[in-house]
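Chain and residue survey
Spelled out, the chains give:
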Amino acid sequence: MILELAPDLSVEARARLLQTLRRNRYDCRDLGDQGVPRIGILGGESVDPAFLERLEGVAALVPVGTPFKLAGRDMHPKDTRVQVGDVTVGADRLVVVAGPCAVESREQVMTIAAAVRKAGAVIFRGGAFKPRTSPYAFQGLAEKGLKYLAEVRETFGMPVVAEMTATGQADLMMKYVDLVQIGARNMQNFELLKCVGRMGKPVLLKRGLSATIQEWLMSAEYILAEGNPHVILCERGIRTFEPFTRNTLDLTAIPVLRQLTHLPVLIDPSHATGIREKVAPMARAAIAAGADGLMIEVHHDPDNALSDGPQSLYPDQFAQLMRDLYVIAPVVDKQVDFAYLDKAAAMRRPVSEGRQPSRCAAFMGRAGNFSHKACQQYFGEQVEAVALPSFKDVFDAVADGRADFGIVPIENSLSGSIHQNYDHLLTYDLKIVGEIKLRIVHDLVARPGTRLADIRRVLSHPQVFGQCLHYLEQYDWERVAVSDTAGAAERVGRSETPGDAAIANRVAAETYGLAVLAAGIETNPRNYTRFVVIGKAPLDRRQGQKTSLICTAPNRPGALLAILQVFAECGINMIKLESRPLPGEPWRYLFYIDLEADLETAEHAETRRLLAERADFLKLLGSY
Ligand code: PEP
Ligand code: MN
């Protein structure tokens, strides 16, 4: 049961109400204000609606339709994000947990941790207490193993996860790990669930070998009911009649869970399939299906692994999988961030003397637009995103130190470069320190209750109309051009005119209380925008993968060829070459060039010297 409270109820009256409920032996939780202020009643048997209805401040009683009250969406509509060290599980950046099945030795975990971290894993796994089918099989290194895991955290800055198999291990887990795993075999070990509930540390709850989704959510409920909200679910395959895989991976659980629960979901394709070759395809499918991340077993010497060797990926297979996920993620509105841990560590360091350690990044437009989304996907939540009216304001804010970083679009896969921002990069003394690509999906959004037949006018950015022509041509709606898509959504949210709609993204629709009438109306689904992050200095010190530069060539035969020849001579792959008129100088051209190399390293001193010699003008915009 949920009690919806009167909107103007004072804090004191709310506290009194909670007290009255508890005095009458109701197990209740203050659910905060998600739209309406609410209190959740958990204890089911003796709930007396007549009594509850009469209480001061109660406006309405809303029944809860599921037995998993805290895990369900009735009491908690918004998605939960679980913080594990520096890593947020359930946000836009995919979380990949990787490591061996079992911790075998110090050297083994150090070798594997170095490899998986380099490839993009953000949490390290390894069992120290192994639940094995045979009592004669390797049972794990116990505390010694946990100590090695803690060493991995110190050395590589990765949070670590290990399985807890008995309540007696609670102190060790509190001491050594960041995330406590409850294995499939213990999913219904209720004493263990209550124990991790009381511990308060984040919990990774695996699905039981033959558990229904409801049973699994009831197990999560045990942990939540003890007051620990940090629960992550992990599907790892269920037992079916099919012998060709160790288990059957239930990917349908992802959309089912999305609807039923607010808890984040990881997929473990290693235990699900039990066979190395089957792991990567299922991992890719899991991300495409909307999982928040993966748990994958990786071993540098699987033939000699003490457990689960046949399903463990070699480090290079894991690295290849991460590259595939990097490509897939933006299609489903997510990112693989290879610099996740380095950025987080850099953000924890104080900026400079006299400055607050909090960081901020400026973007153009308003909350809910694509630049804002790019900002959140690049930095996560540790950086405050600040909206400014123009691109120039973003560059100014970074140049004069009001913002630590700026994020601006630089090119679109359909409409090409955004010259305005190249011009700013030319004139400001700032660097490109990072990049991020977003898939651009346009939705038709309007106030709830509006039907397609009601629409008369549609508001959006002129370029967006161009990108949605096929769809728009079916209707004779008036097109009203505004400066940005989130602005269009905001105006429609406030509009008194029935029949107004906007073309914007889903986040903007949510931000301004609009409903999606038609999703994905852009003509070409391969619509991506590349954003660059600008700053005075890079956030982390990793070697860049790319360099962007602008140059001009002398006006004589072969001048451009001579510049391009430098890349050929130095073995550098060029991935972009674009020319545009030099502003204010008719018939002279600027060349925008992107390279697959970090030109700012000592190794490329000669490349830089040759370029400076052969170009009239050269500006390295940054390596990232
Ligand atoms: C494991 O992750 O090492 C493990 C034993 O998994 P499960 O409990 O899913 O079998
Ligand atoms: Mn295993």
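Refer to the structure printed above.
Residues numbered from 1 in each chain as written. Chains lettered and ligands numbered in written order. Predicted model: local features only at pLDDT ≥ 70, side-chain atom pairs only at ≥ 80, totals over all residues. Heavy atoms only, no water.

**Notes on the overall build of the protein chain**
Assigned secondary structure in the protein chain consists of 21 helices and 29 strands. The globule rule puts the C-alpha radius of gyration for 624 residues at 25 Å, and the 27 Å found for the protein chain is close to it. Buried positions account for 54% of the 624 residues belonging to the protein chain. Carbon and sulfur atoms make up 52% of the accessible area of the protein chain, which amounts to about 27400 Å² in all. Between the averaged position of the 72 positive side-chain charges in the protein chain and that of its 75 negative side-chain charges there is a distance of 1 Å. (Helix = DSSP H or I, 4+ residues; strand = E, 2+ residues; numbered from the N terminus. Rg over C-alpha atoms; globule rule 2.2 N^0.38 Å. Buried < 20%, exposed > 50% of the residue type's maximum accessible area, 1.4 Å probe, protein only. Areas by Shrake-Rupley, 256 points an atom, 1.4 Å probe, with all protein chains shown as cover. Lys, Arg positive; Asp, Glu negative; His and termini not counted. Charge placed at Lys NZ, Arg CZ, Asp CG, Glu CD.)

**Re the pattern of salt bridges**
Scanning the model with the defined rule gives 41 salt bridges in all. Between arginine 609 and glutamate 606 there is a salt bridge; the shortest N-O distance is 2.9 Å. Taken together, the residues span about one helical turn, with arginine 609 and glutamate 606 both in helix α21 (residues 605-614) at a distance of three residues. Residue arginine 609 is classed as partly exposed on the basis of its relative accessible area of 42%. (Salt bridge = Lys/Arg side-chain N within 4 Å of Asp/Glu carboxyl O.)

**Some thoughts on the coordination of the manganese ion (ligand 2)**
Around the manganese ion (ligand 2), the protein contributes the donor atoms Cys101 (SG), His271 (NE2), Glu297 (OE) and Asp308 (OD), at 2.0 to 2.3 Å from the metal centre. Counting along the primary sequence, the residues that act as donors to the manganese ion (ligand 2) give the motif C-x169-H-x25-E-x10-D. With cysteine 101 in the loop between β7 (95-99) and α3 (106-119) and histidine 271 in helix α9 (residues 269-273), this pair connects stretches of sequence that are 170 residues apart. Like cysteine 101, the residue histidine 271 is buried in the burial classification. (Donors = N, O, S within 2.8 Å, 3.2 Å for Na, K, Ca; no water.)

**Structural notes on the environment of phenylalanine 156**
For phenylalanine 156, the position within the fold is in helix α4 (residues 143-156). With a relative accessible area of 17%, phenylalanine 156 lands in the buried category. Between the C-alpha atoms of phenylalanine 156 and serine 46, which are 110 residues apart in sequence, the distance is 52 Å. Excluding its chain neighbours within four sequence positions, the residues that come into contact with phenylalanine 156 are Met110, Ala113, Ala114 and Arg117. (Contact = heavy atoms within 4.5 Å.)

**Looking at the packing of aromatic side chains**
Per the stated rule, a full pass over the model turns up 10 aromatic pairs. Plain terms: the ring middles of tyrosine 471 and tyrosine 475 are 5.5 Å apart, the flat faces sit at 50 degrees to each other, and that makes the pair tilted. On the basis of relative accessibility, which here comes to 27%, the residue tyrosine 475 falls in the partly exposed class. Of the aromatic side chains, those joined through ring pairs into one cluster are Tyr378, Phe379 and Phe405. In this structure, arginine 93 packs its charged tip against the face of tyrosine 340, placed 3.8 Å from the ring centre. (Phe/Tyr/Trp six-rings, centres within 6.5 Å; stacked < 30°, edge-to-face > 60°. Lys NZ or Arg CZ within 6 Å of the ring centre and 35° of its normal.)

**Regarding the site of ligand 1**
Taken together, the residues surrounding ligand 1 are Arg125, Lys130, Glu163, Gln181, Gly183, Ala184, Arg185, Lys206, Arg236, His271 and Glu297. Arginine 185 has a polar side-chain atom sitting 2.9 Å from an oxygen atom of ligand 1. At 3.5 Å, a side-chain N or O of histidine 271 approaches an oxygen atom of ligand 1. Relative to its free-state accessible area of 290 Å², ligand 1 is covered by the protein chains to the extent of 97%. (Near = heavy atom within 4 Å. Polar contact = N/O pair within 3.5 Å; in protein donor to acceptor, adjacent residues only side chain to side chain.)

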